[in-house]
Amino acid sequence: MSAPLSHPPAAQVTDLIRPELRALRAYHVPDASGLIKLDAMENPYGWPAPLQADWLETLREVALNRYPDPQGRALQATLREVMGIPAEMGLLLGNGSDELIQMLALAVAVPGRRLLSLEPGFVMYRLIGLFAGLDYVGVPLRAPDFALDLDLTLAAIEAQRPALIFIAYPNNPTGNLFDAAAIEQIIAAAPGLVIIDEAYAPFTDASFLPRLGEWSNLLVLRTVSKMGLAGLRLGYLAGPRPWIEQIDKVRLPYNINVLTQASAIFALRQQALLDAQTTSIRHGRSRLLAALRDLPGVEPWPSEANFILMRTAPGRADALFDGLRARGVLIKNLHGAHPQLADCLRVTVGTPEENAALLGALAKALAESAGGDVAAAGAGREG
Ligand SMILES: Cc1ncc(COP(=O)(O)O)c(C=O)c1O
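What you see is a predicted model; the values in this text were computed from it and never measured.

> How do you make sense of the site of the ligand when you look at a structure like this?
If you check the shell around the ligand, you find 14 residues, and the closest are S97, D197, Y200, T223 and S225. The separation between an oxygen atom of the ligand and a polar side-chain atom of K226 is 2.9 Å. In this structure, R233 approaches the ligand through a side-chain N or O atom, which is 2.7 Å from an oxygen atom. Against a free-state accessible area of 400 Å², the protein chains account for coverage of 93% of the ligand. When contributions to the shell around the ligand are tallied by element, the ones reaching two or more residues are α5 (97-108) and α9 (225-229). The class makeup of the residues in the shell around the ligand is five nonpolar, five polar and four charged.

Structure (structure tokens):
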């Protein structure tokens, strides 16, 4: 007979778990089985079969019984070469850039210290800051174009003296680049580190990577996730060596597993393929943006990333999101995520076929929701 399940009393959970953690809902990743997945800014393209075979061949060499190289030295060398990381800068690898955000937060976390970022922005800055015990300062972007409000940001920096400032460039979920001159002023004014998060670097020509070293407090964060390697979980942080050496101390040993190290070294060498995929996504973005502009009922913002943010008519986002999912397309519903994102949806740029399916489903969902309007108006007249 199996032992009965034993659960801790609710009071014990309440006593032991930090109140700020209990107040949170766990980060939710929706089930995308059977759906066209346009919710998470992944590259939609796979690899041709011969390349896949070559990759699998390289994995034969990997010793699964051994721990990985703790620093991932061969992978670091490949990244330096392929990404053009200045030789004099330090480099740190993370299990996704999320882990590097966590390492940064852990490295500076002293009670009362603050982490600042711009809002609406990437939610993990606030969450990870909270996990590490940092206080969070969110500075609103300007409405309606989500431009950086330099005066407001400088005033917040002056008043709050944040240890860390995260700026996503381009920004998620708004897709825009901020004014580079404004960012320069922020770096110059910051009392702590400024991390320019270039997760969407493959889809824009702007970057602070070549400018590392111009300011002693500038770090650049990147990931391979959006360029087609999200499954590997690999991010990298580049910046002046004295910072990188200290942040490296909070890294758990062997954080980049052997399969990721070997696969990333192989994949990063497929520059032509990755570039072709990125180019195709950039073209797809232009076409998708134009098509969305032509759809009555949604207003898209321009984007420098591999996704597009759009606003629906007031109160329509939930119904459109559900209508799309019912037609087999999963996107991100941002309504309710932040006051400035009211009625907003975000779509990842997919393959041309996926984008066409999205547009077709969206047109139908819009018509359905307009039909609901007419029905509601009719019902109103009758009643
Ligand atoms: C701005 C930004 N930074 C970082 C990340 C996390 O990337 P990774 O997959 O490397 O953890 C994301 C993911 O969506 C993002 O939008």
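So, next bit.
> Would you take a moment to explain the domain arrangement of the chain for this structure?
By a widely used convention, the size of an interface equals the accessible area lost when the partners come together. Partitioning the chain into domains gives domain 1 (10-39 + 272-382) and domain 2 (64-269). The C-alpha centroid of domain 2 is placed 26 Å from the C-alpha centroid of domain 1. The partner domain 2 presents 31 residues to the 24 residues of domain 1 that form the contact. By the criterion of area lost to domain 2, the three top residues of domain 1 are L274, E304 and Q340, representing 26% of everything that side buries. Where domain 1 meets domain 2, there are one salt bridge. Across the pair D205 and R282 runs a salt bridge whose closest N-O atoms are separated by 3.2 Å. Run the count over domain 1 and domain 2 and you get twelve residue pairs in polar contact (both at pLDDT 80 or more). Sorting the residues of the side of domain 1 that touches domain 2 by element identifies α2 (19-22), α12 (271-294) and β10 (307-312) as the ones contributing at least two each. Residue composition of the side of domain 1 that touches domain 2, by class: twelve nonpolar, six polar and six charged.

> Could you clarify how one ought to interpret the pattern of salt bridges in this entry?
A pair can form between side chains of opposite charge whenever their charged atoms are brought close. For the structure on display, the rule yields 16 salt bridges. Between E184 and R211 there is a salt bridge, with the nearest N and O atoms lying 2.7 Å from each other. Here the residue E184 occupies a position in helix α8 (residues 180-189), and R211 occupies one in the loop between β6 (193-197) and β7 (218-223), the gap between them amounting to 27 residues. A relative accessible area of 26% places E184 in the partly exposed class. Of the residues examined, R211 reaches a relative accessible area of 22% and is grouped as partly exposed. One continuous salt-bridge network, built from bridges that share partners, spans K37, D39 and E42.

> Help me understand the pairing of β7 in this model?
Consecutive residues of a regular strand have side chains that alternate between opposite faces of the sheet. Within β7, six of the six residues are buried, which leaves the element mostly enclosed by the surrounding structure. Along β7, one buried face is formed by L218, V220 and R222 and the opposite face, lined by L219, L221 and T223, is buried too. Sheet topology places β6 next to β7; four bridges connect them, and they run parallel. From the neighbouring strand, D197 faces β7, where its bridge partner is L221. Here four bridges tie β7 to strand β8 (residues 235-239), and the two strands are oriented antiparallel to one another. By the bridge assignment for β8, R222 is matched with Y236.

Rules used in this analysis
- Residues numbered from 1 in each chain as written.
- Predicted model: local features only at pLDDT ≥ 70, side-chain atom pairs only at ≥ 80, totals over all residues.
- Heavy atoms only, no water.
- Near = heavy atom within 4 Å.
- Polar contact = N/O pair within 3.5 Å; in protein donor to acceptor, adjacent residues only side chain to side chain.
- Areas by Shrake-Rupley, 256 points an atom, 1.4 Å probe, with all protein chains shown as cover.
- Helix = DSSP H or I, 4+ residues; strand = E, 2+ residues; numbered from the N terminus.
- Nonpolar A, V, L, I, M, F, W, Y, C, P; charged D, E, K, R; others polar.
- Domains from an automatic or database assignment.
- Contact = heavy atoms within 4.5 Å.
- Buried area = accessible area lost by both parts, 1.4 Å probe.
- Salt bridge = Lys/Arg side-chain N within 4 Å of Asp/Glu carboxyl O.
- Buried < 20%, exposed > 50% of the residue type's maximum accessible area, 1.4 Å probe, protein only.
- Pairing = 2+ DSSP bridges.

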